[in-house]
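Structural characterization, general
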Amino acid sequence: MTAFARSVPRIAADLAVVLALLGWAWMARGLPDFVLPGPMAVGERLVAMFVSPAFLSHTFASVWRVLLSVVLALALGGGLALLNRAVPALDWTIRGMTLPFLNSFPSIGWAILAAIWFQPGDFPVVFVQVAILTPFALINIAEGLRQIDAETMEMARSFTRSRRRAIAMVAAPLLLPYILGAMRIAYGIAWKIALVSELLGGTTGLGYLMLQAQGSADMATVIAACFAIVLLFVTGEKLVLDPIARRYAPKR
Amino acid sequence: MFRGDSTALKAAVAAAFLALVLAGWYAAAARLPPYMMPPPEAVLRAAGRFFTAAREIGHLKATLFNVGVSIGLAFSLGGALALTAHYARAAAPAIHGRLSPFMNAFPGIGWTLLAAIWFGVSTTSVVFAITVVLLPFALVNLREGLEALDGEVDEMARSFGRAGARRFLYVTGPALIPFAIATLRIMFGVAWKVALTAELFGGGEGLGYLVNLARQEYDTEIIFAVVLTIVVSVYLADRFLFAPLEFATSRHFGRTGGRR
């Protein structure tokens, strides 16, 4: 296959994106801005979200809350997974009850309850995100802990009497890919639910900005906020998570 | 005495935990106003109305309709896109490299607000929002299924007949069934959660609409009851319908002879 033939699908994919943008611009021409603003108007607002101080503060608020929530959810989910492993009697309580409960709890339910229970601000937003992300961290880290079976640890102990060394040299490297997997999943979902969590309990952030914009029929800001989320998610994944995953992912 | 991992001990600890949660709930309800923490019996009464009172049953039916139609649409559309990418390789980067990541990263609430503007407060808005949120789940899962197809089995099928439709019907289709069931299982869990958000912002009926009314009137027991109904329904359907179905189809049609 020639180099040109190999690059045809990629060119077709880029062409499809250009066509989609042209189609959007064509459709937007005949519609008022509050129904469908054109790609240029949305693009300008999108740039403003990363440049203009008024918008940048909202973008920054969303970013730091997402990062904090991912860390907290990993700590909480990891803690529950470790507790489940250390105390087998808690298996039904943690994996049988708490996990399915948290897993099927609707995100908007948490958002509404947090808005009722807490004063608007950072806390309700982070609370909602952590509540939603924790089951995903718990599932992945518990799966990782299952991979560390008794025989592997016995082998480690036969090489060293130091428990800390056995954990650092054997258990931790086995668990690492699962922690990274949990981080990837939690990061992806955190961005998806960031807007919902900020809609009702936040006073800053892209979700808050989006709700304000929707109230004033500013559709360019609504769509730009969604694109900002897509951009932030993809940037974090490509620049941070993908390289880490490539380095530590298990070889298949 | 109990052993550390005995079933009886696990059940006893789980029952004690549940009793503790209920006691904590009662204690909180006694100290806080009902709009912040309604008592458990009020929530149970409200949840019971979803299966007895005509008005509530109507909303539950509307949500079931929205969830069912959206799953059907997203599955068909996702399946069509995954098949297009599989059989027309030139389209694969556009579908899996551009469309799928975009749909996957675009926030569901964004679709909901856009749908409410484009289609008004209606069933169309709700179905549209749920469908576009579910679409990447169908696309990604069915792609996994198509990529996991055994090339040798396909080659064997080719040696038996040249008709592509027959080959799909008797070889590719059945091999995809475990992935289709797994996809439906994931979609069912997600659809309920998305339906609530979509109906809250863009629906004129359904459980989400009911939650929106309850939120404005600080009728928190309805919010608790809706969440409880969803949590229990999703759990029961997953445990007693989708999990056995996935296991059975995976054993019958899958390559690994069990759950993947």
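Along each chain, numbering runs from 1 in the same order as the chain's sequence is written. Chain letters and ligand numbers both follow the written order, the letters beginning at A and the numbers at 1. Only residues with pLDDT of at least 70 are given local features in this predicted model, and only at 80 or more are side-chain atom pairs given and counted; all residues enter the totals for whole chains, interfaces and linings. Heavy atoms from the whole structure form the basis of all side-chain values; hydrogens and water molecules are not counted.

**A closer look at the overall build of chain B**
To keep it simple, the criterion reads: Strands are runs of DSSP state E lasting at least 2 residues, helices are runs of H or I lasting at least 4, and numbering of each runs from the N terminus. For every residue, the accessible area (1.4 Å probe, protein chains only) is compared with the maximum for its type, and the residue is labelled buried under 20%, exposed over 50%, or partly exposed between those bounds. The contact criterion used throughout is that any non-hydrogen atoms of two residues lie within 4.5 Å. Here the Shrake-Rupley method, with its probe set to 1.4 Å, supplies the accessible areas, and only the displayed protein chains count as covering residues.
When helices and strands are tallied, chain B shows 10 helices and 0 strands. Oriented by its inertia axes, the alpha-carbon framework of chain B measures out at about 75 × 60 × 30 Å. Looking at the 260 residues of chain B, the share that counts as buried comes to 45%. Taking the contacts inside chain B whose residues are at least 6 apart along the sequence as the reference set, 69% of them involve residues at least 24 apart. Of the roughly 12,900 Å² that chain B leaves accessible, carbon and sulfur atoms contribute 65%.

**Structural notes on the overall build of chain A**
Note the cut-off: Here the globule rule is a power law, 2.2 Å times the number of residues to the power 0.38, and the radius of gyration is based on C-alpha atoms. Counted charges follow a simple rule, with Lys and Arg positive, Asp and Glu negative, and His plus the chain ends left uncounted. Charge positions come from single atoms, namely NZ of Lys, CZ of Arg, CG of Asp or CD of Glu.
On a plain count of helices and strands, chain A comes out with 10 helices and 0 strands. Ordered by position from N to C terminus, the α and β elements of chain A give α-α-α-α-α-α-α-α-α-α. Taking 18 Å as the expected radius of gyration for a compact globule of 252 residues, we find that chain A reaches 23 Å, considerably beyond that expectation. For the C-alpha atoms alone, the extent of chain A along its principal axes is close to 75 × 60 × 30 Å. Counting only residues that meet the buried cut, chain A has 48% of its 252 residues in that class. Put simply, of all contacts in chain A between residues at least 6 apart along the chain, 72% involve residues at least 24 apart. A total of about 12,900 Å² of accessible surface is found on chain A, and carbon and sulfur atoms cover 69% of it. Taking the 20 positively charged and 13 negatively charged side chains of chain A as two groups, their mean positions are separated by 9 Å.

**Regarding empty space enclosed by the protein**
Residue and element names in this part refer to chain A. Selection rule: Within this scheme a cavity is a closed region of a 1 Å grid, computed over the protein atoms alone, that accommodates a 1.4 Å probe without allowing it to escape, whereas a pocket is open but has protein on both sides within 12 Å along at least five of seven lines; lining residues each have an atom within 4 Å of a point. Grid points are joined across faces, edges and corners, and a volume is the space filled by probe spheres set on the points. Gly is placed with the polar residues, together with every amino acid not listed as nonpolar (Ala, Val, Leu, Ile, Met, Phe, Trp, Tyr, Cys and Pro) or charged (Asp, Glu, Lys and Arg).
Going through the model one piece at a time under the given rule, you end up with 1 cavity of 30 Å³ or more. As for the largest cavity, its lining consists of Met-153, Arg-157, Arg-163 and Ala-166. If you list the elements that add at least two residues to the lining of the largest cavity, you get α7 (150–159) and α8 (163–201). For the lining of the largest cavity, a count of residues per class yields 2 nonpolar, no polar and 2 charged.

**Considerations on the packing of helix α8 (residues 164–202) of chain B against helix α10 (residues 220–253) of chain B**
All names here are of chain B. Inclusion rule: Axis lines are fitted through C-alpha atoms, for helices just across the contact stretch, and the angle between N-to-C directions can take any value from 0 to 180 degrees. Angles below 35 degrees are treated as roughly parallel, those above 145 as roughly antiparallel, those between 65 and 115 as roughly perpendicular, and all remaining angles as oblique.
The contact between α8 and α10 brings their axes to 9 Å, and the two run at 175 degrees. Taken together, the axes of α8 and α10 lie roughly antiparallel to each other. Residue-level contacts link Pro-174, Ala-175, Ile-177, Pro-178, Ile-181, Ala-182, Leu-184, Arg-185, Phe-188, Gly-189, Trp-192 and Leu-196 of α8 to Val-226, Ile-230, Val-234, Ala-237, Asp-238, Phe-242, Ala-243, Leu-245, Glu-246, Thr-249, Ser-250 and Phe-253 of α10. Considering only residue class, the contact of α8 with α10 consists of 18 nonpolar, 3 polar and 3 charged.

**Quick look at helix α6 (residues 123–147) of chain B**
Stated formally: Expected span of a helix, by definition, is 1.5 Å for each gap between consecutive residues, and there is one gap fewer than residues. Values of bend correspond, residue by residue, to the angle between axes fitted over the seven residues ending at that residue and the seven starting there.
Its 25 residues give α6 of chain B an end-to-end C-alpha distance of 35 Å, which sits within 8% of 36 Å, the value for a rise of 1.5 Å per residue. Most pronounced at Leu-134 of chain B, the bend in α6 of chain B amounts to some 30 degrees, and the proline Pro-136 of chain B follows within four residues.

**What about the confidence of the model for chain A?**
Going by this rule: The score called pLDDT rates the predictor's confidence residue by residue, from a low of 0 to a high of 100.
Per-residue confidence for chain A gives a mean pLDDT of 89, with 98% of residues at or over 70. The weakest mean pLDDT in chain A belongs to α7 of chain A at 81; the strongest belongs to helix α2 (residues 39–51) of chain A at 95.

**Examining the interface of chain A and chain B**
Stated formally: The term buried area denotes the loss of accessible surface (1.4 Å probe radius) that occurs when two parts are joined, taken as the sum for both partners. By definition, a salt bridge exists where a carboxyl oxygen of Asp or Glu is found within 4 Å of a side-chain nitrogen of Lys or Arg.
Taken together, the contact between chain A and chain B spans 47 residues of the former and 45 residues of the latter. The contact between chain A and chain B buries some 4,100 Å² in all, and 80% of this surface belongs to carbon and sulfur atoms. Considering only the surface of chain A that becomes buried against chain B, Trp-92, Ile-116 and Lys-192 of chain A emerge as the three largest contributors, covering 15% of it. Where chain A packs against chain B, one counts 2 salt bridges.

**Remarks on a nonpolar patch on the surface**
All names here are of chain A. As a reminder, the rule being used: Residues enter a patch when their relative accessible area is above 30% and they make no salt bridge; the linking distance is 9 Å between like charges and 5 Å between nonpolar side chains (Val, Leu, Ile, Met, Phe, Trp, Tyr).
A contiguous nonpolar surface patch, about 410 Å² in accessible area, is contributed by Val-47, Phe-50, Val-51, Leu-56 and Leu-231. Of all the elements, α2 adds the most residues to the nonpolar patch, at 3 residues. Locating Val-51 in the fold gives a position in helix α2.

**Considering the environment of Lys-61 of chain B**
Inspection of the secondary structure puts Lys-61 of chain B in helix α3 (residues 54–87). Exposure remark for Lys-61 of chain B: the relative accessible area of 57% places this residue in the exposed category.

**Brief notes about the pattern of salt bridges**
Residues and elements named next belong to chain A. If you walk through the whole model with that rule in mind, you get 16 salt bridges over all chains. Asp-14 is paired through a salt bridge with Arg-10; the nearest N and O atoms lie 3.7 Å apart. One end of the pair, Asp-14, and the other, Arg-10, are both in helix α1 (residues 3–29), 4 residues apart, so they sit about a helical turn from each other. Across the pair Arg-184 and Glu-237 runs a salt bridge, and its minimum N-O distance is 4.0 Å. Taken as a pair, Arg-184 in helix α8 and Glu-237 in helix α10 (residues 219–248) lie far apart in primary sequence, 53 residues in all. Judged by its relative accessible area of 27%, Arg-184 falls in the partly exposed class. Classification of Glu-237 as buried rests on a relative accessible area of 19%. In the salt-bridge network here, residues are joined through shared partners; they are Arg-184, Glu-237, Lys-238 and Asp-242.

**Quick word on the packing of helix α3 (residues 53–86) of chain A against helix α6 (residues 122–147) of chain A**
All names here are of chain A. Selection criterion: Left-handed describes a crossing whose near helix is turned anticlockwise from the far helix through less than a right angle; right-handed describes the clockwise counterpart.
At their nearest, the axes of α3 and α6 sit 6 Å apart, and the two run at 40 degrees to each other. Taken together, α3 and α6 sit at an angle that is classed as oblique. Of the two possible hands of crossing, α3 and α6 adopt the one that is right-handed. Residue composition of the contact of α3 with α6, grouped by class: 20 nonpolar, 5 polar and 4 charged.

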